[in-house]
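So the chains spell out like this:
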Amino acid sequence: MPSLKRRLLLAAGVVLAVFVVSTGVALDRAFVTAAGQAEQDKLRGLVYALLGAVDITSQKVSLNVAQLGDPRLQQPGSGLYALIADAHGRVLWRSPSLLETPHPADTAAAGQWRYGRVVLGGTPVFRLGFGVRWTPDSGGARYDFVVYEDTSGYQQQLNGYRRTLGFWLGGAALLLLAALVGVLQWGLRPLRAVSAELERIESGGAERLEGDHPRELRPLVDGLNTLLAHERARRERTRHALDDLAHSLKTPLAVLRGLRENEGLQGRAAATVAEQVGRMDQIVAFQLERAVGAGGPQGLVPPLPLAPVIERLLPALERVYGERGIHLRADVPQGLSARIDEHQLMELAGNLLDNAAKWARVRVRLSARRDAEGLLLRVEDDGPGFAQADAQSLLARGMRADERNPGQGIGLAIVAQIASDYGGSVGIERSELGGALVEVRLRTA
């Protein structure tokens, strides 16, 4: 979805474009109407001048062109023409500027004006005709007084106006758009400030939103601060609860281990006690992880460097599997980090490495990288691997590849649960080392 600023700019641009275009069309129509009316009024004045200067008798029509006051009527082809015709359309008089007789046109009735555009000698012109019934001296005949003017001057005036209108409207639109951008920058500044503060919180530079915010944003800021405080308190309670539970279970589990080691338990009984103690450790850890709501994208958790956490795990696992000669190697870039709780990362990587070490012959390798789809963890070993048909079923709780191997079958289920909480997935394939390859994708970490 486009940013809020882009959406507002797009909406403002569309409104501004519609306003400028509609204003330009309205002003252009108004100018065309006014210019057309001015042209008609000018020609009407010339017709009145003709009426005042003409002398019509029953024998002839005479007129002194100089009395009309416009020298163009005496210049051939000047663009301004006049004529007088009878009721049958015969031309009785024409101005010296009119070089050819126009085709007969509909004559106007007495007292009627006829205005429009015609073509005269291949040139578009305005035409205005006025019908007159003359005095009884001329026999009371009807005459048509007609004037023409070339449209080129009118068109030049119209084109000049449109260029000027486009220039000023375009300039005004650009200025208004710049003003809108400035107003949006100023109006969205509080939102940018809140966004910057959230980034500081995510990077660990602050614990809450500070500053003086506009009235409309205060409920949002207060709600976020409340949520952050609640999250910190919940995490603190969770840590205390985990510490208390670990301390409470330490003694009973130690007693059970001592019972196996010191009370002479042998054979199947010793194996059963050891398996059940291990199962209690793993089940309690898994259920606590789910109960405290550790899953889910930790958007407000500062980025956690992965390499130091993984490096702390390797020595402990090498001590556990040292007698078998298992060599564990981690390929994690020093600068790689993720928004994940440290305890969850240790659960995730620990279960993957422990599971691989159980089945490996000699080598276990962990690698991590980030790509366009999120964080990718890969753990592979050189053991016998899993059958491809059974790979996905191993992610279910309680499923084990080999019942003869010790374990409770929930290690991969914990991995799958954490991956799901981070919008990711778990895949099991054949490794280049010959054993199993477990790929964990964390899209929101």
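Only a predicted model underlies this, so the values are computations on that prediction, with no experimental measurement involved.

## Points about the overall build of the protein chain
Part 1: Counting its secondary structure elements, the protein chain contains 8 helices and 14 strands.
Part 2: Summarising the internal contacts of the protein chain: among those between residues at least 6 apart in sequence, 59% fall at separations of at least 24.
Part 3: Accessible area for the protein chain stands at about 25,100 Å²; split by element, carbon and sulfur atoms hold 56% of it.

## Side note on the confidence of the model for the protein chain
Part 1: Averaged over every residue, the pLDDT of the protein chain is 81; residues scoring 70 or more account for 80%.
Part 2: Strand β11 (residues 363–371) holds the highest mean pLDDT among the elements of the protein chain, 93, whereas helix α5 (residues 267–291) holds the lowest, 62.
Part 3: Across residues 293–297, where pLDDT falls below 50, the model places 10 contacts with residues more than four positions away in sequence or in other chains.
Part 4: Note that pLDDT drops below 50 for residues 397–409; the model gives that stretch 33 contacts with residues more than four away or on any other chain.

## Brief notes about the pairing of strand β3 (residues 80–86)
Part 1: Burial analysis of β3 places 7 of its 7 residues in the buried class, the great majority of the element.
Part 2: Burial of β3 is two-sided: the residues Leu80, Ala82, Ile84 and Asp86 facing one way and the residues Tyr81, Leu83 and Ala85 facing the other way are all buried.
Part 3: Relative to strand β4 (residues 91–94), β3 runs antiparallel, the two being bridged by 3 bridges. By the bridge assignment, alanine 85 is partnered in β4 with valine 91.
Part 4: In textbook terms, the turn of a hairpin is the stretch between consecutive antiparallel strands, and for β3 and β4 this stretch comprises 4 residues, one of which, glycine 89, has a positive phi near 90°.

## Some remarks on the sheet that holds strand β7 (residues 142–150)
Part 1: The 5 strands lie next to each other as β4-β3-β7-β6-β5, forming an open sheet whose pairing is antiparallel. Among the strands making up the open sheet, the edge pair consists of β4 and β5 (113–120). Going from strand to strand, the sheet's axes swing by 25° on average, the running direction of each strand aside.
Part 2: As paired elements, β3 and β7 share 7 bridges and run antiparallel to each other. Looking across to β7, one finds that aspartate 86 is bridged to tyrosine 143.
Part 3: Against the sheet, helix α1 (residues 4–53) makes contact with β3, β4, β5, β6 (123–133) and β7, and its axis sits at roughly 135° relative to β7, the strand it touches most.

## Some details on the sheet that holds strand β12 (residues 374–381)
Part 1: Spatial strand order, β9-β11-β12-β14-β13: 5 strands in an open sheet with mixed pairing. At either margin of the open sheet sits one strand with a lone partner, and together these are β9 (327–331) and β13 (425–430). Across the sheet, the axes of successive neighbouring strands diverge by a mean angle of 15°, strand direction being ignored.
Part 2: Direction of pairing for β9 relative to β11: parallel, over a ladder of 5 bridges. Each residue of the ladder has a partner; that of alanine 330, found in β11, is leucine 366.
Part 3: Against the sheet, helix α6 (residues 306–320) makes contact with β9, β11 and β12, and its axis sits at roughly 180° relative to β9, the strand it touches most.

## With respect to the nonpolar core
Buried together is how nonpolar side chains tend to be arranged in soluble globular proteins.
Part 1: Within the largest apolar cluster, 43 residues are counted, with the highest numbers of intra-cluster contacts made by Val332, Leu348, Leu352, Leu353, Val364, Val440 and Leu442.
Part 2: Listing elements by their share of this core, those giving two or more residues are α6, α7 (342–359), β11, β12, α8 (411–421), β13 and β14 (436–442).
Part 3: Apart from residues lying up to four places away in sequence, leucine 352 is in contact with Val379, Leu412, Val415, Val438 and Val440.
Part 4: Phe31, Ala35, Leu68 and Trp93 belong to the second-largest nonpolar core, a separate cluster that totals 29 residues.

## Considering the side chain of arginine 365
Part 1: Following the sequence through the fold, arginine 365 ends up in strand β11.
Part 2: Given a relative accessible area of 18%, arginine 365 falls into the buried group.
Part 3: Polar side-chain contacts of arginine 365 include one of 2.9 Å to the side chain of glutamate 380.
Part 4: Once you skip the residues sitting within four places of it in the chain, arginine 365 turns out to touch Arg329, Arg378, Val379, Glu380, Glu432 and Leu433.

## Section: the packing of aromatic side chains
Part 1: One pass over the structure, following the stated rule, counts 6 aromatic pairs.
Part 2: For the ring pair tyrosine 115 and phenylalanine 126, a centre distance of 6.2 Å and an interplane angle of 5° mean the geometry is stacked. Of this pair, tyrosine 115 sits in strand β5 while phenylalanine 126 sits in strand β6, and the two are 11 residues apart along the sequence.
Part 3: Tyrosine 115 gets classed as partly exposed once you look at its relative accessible area, which sits at 33%.
Part 4: Through a chain of ring-to-ring contacts, the aromatic side chains of Tyr48, Trp113 and Phe130 assemble into a single cluster.
Part 5: Seen from the ring of tryptophan 113, arginine 44 lies directly overhead, with NZ or CZ sitting 4.4 Å from the centre.

## Points about α7
Part 1: Spanning 18 residues, α7 covers 26 Å between terminal C-alpha atoms, matching the ideal 26 Å at 1.5 Å per step.
Part 2: What α7 keeps buried is the set Gln344, Leu345, Glu347, Leu348, Ala349, Gly350, Asn351, Leu352, Leu353, Ala356 and Ala357.
Part 3: Of the residues flanking the start of α7, the one acting as N-cap is aspartate 341, its side-chain oxygen 2.9 Å from the backbone nitrogen of histidine 343.

## Let's talk about α8
Every α-helix winds through 3.6 residues per turn, so residues three or four apart in the chain are directed the same way.
Part 1: For α8, the complete set of buried residues consists of Gly411, Leu412, Ala413, Ile414, Val415, Ile418 and Ala419.
Part 2: Looking one or two places after α8, you find glycine 423, whose phi comes out positive at around 65°.

## Notes on the pairing of β11
Part 1: Where β11 and β12 come together, 8 bridges link them in antiparallel fashion. Bridge assignment links valine 364 to a residue of β12, and that residue is aspartate 381.
Part 2: Linkage of β11 to β12, two consecutive antiparallel strands, is achieved through a turn of 2 residues.

## Quick look at the pattern of salt bridges
Part 1: A full pass over the atoms with the stated rule returns 20 salt bridges.
Part 2: A salt bridge links arginine 72 to aspartate 70; the nearest nitrogen and oxygen atoms lie 3.5 Å apart.
Part 3: A salt bridge links arginine 441 to glutamate 373; the nearest nitrogen and oxygen atoms lie 3.9 Å apart. On the criterion of sequence distance, the pair formed by arginine 441 in strand β14 and glutamate 373 in the loop between β11 and β12 is long-range, its members being 68 residues apart.
Part 4: Residue glutamate 373 is classed as partly exposed on the basis of its relative accessible area, which comes to 46%.
Part 5: Linked through salt bridges whose partners overlap, the residues forming this network are Glu39, Lys42, Asp70, Arg72 and Glu149.

Thresholds, definitions, all that
- Residues numbered from 1 in each chain as written.
- Predicted model: local features only at pLDDT ≥ 70, side-chain atom pairs only at ≥ 80, totals over all residues.
- Heavy atoms only, no water.
- Helix = DSSP H or I, 4+ residues; strand = E, 2+ residues; numbered from the N terminus.
- Contact = heavy atoms within 4.5 Å.
- Areas by Shrake-Rupley, 256 points an atom, 1.4 Å probe, with all protein chains shown as cover.
- pLDDT = per-residue confidence, 0-100.
- Buried < 20%, exposed > 50% of the residue type's maximum accessible area, 1.4 Å probe, protein only.
- Pairing = 2+ DSSP bridges.
- Axes fitted to C-alpha atoms, helices over the stretch in contact; angles between N-to-C directions.
- Core = buried A, V, L, I, M, F, W, Y, C linked by side-chain atoms within 4.5 Å.
- Polar contact = N/O pair within 3.5 Å; in protein donor to acceptor, adjacent residues only side chain to side chain.
- Phe/Tyr/Trp six-rings, centres within 6.5 Å; stacked < 30°, edge-to-face > 60°.
- Lys NZ or Arg CZ within 6 Å of the ring centre and 35° of its normal.
- Expected span 1.5 Å × (residues − 1).
- Salt bridge = Lys/Arg side-chain N within 4 Å of Asp/Glu carboxyl O.

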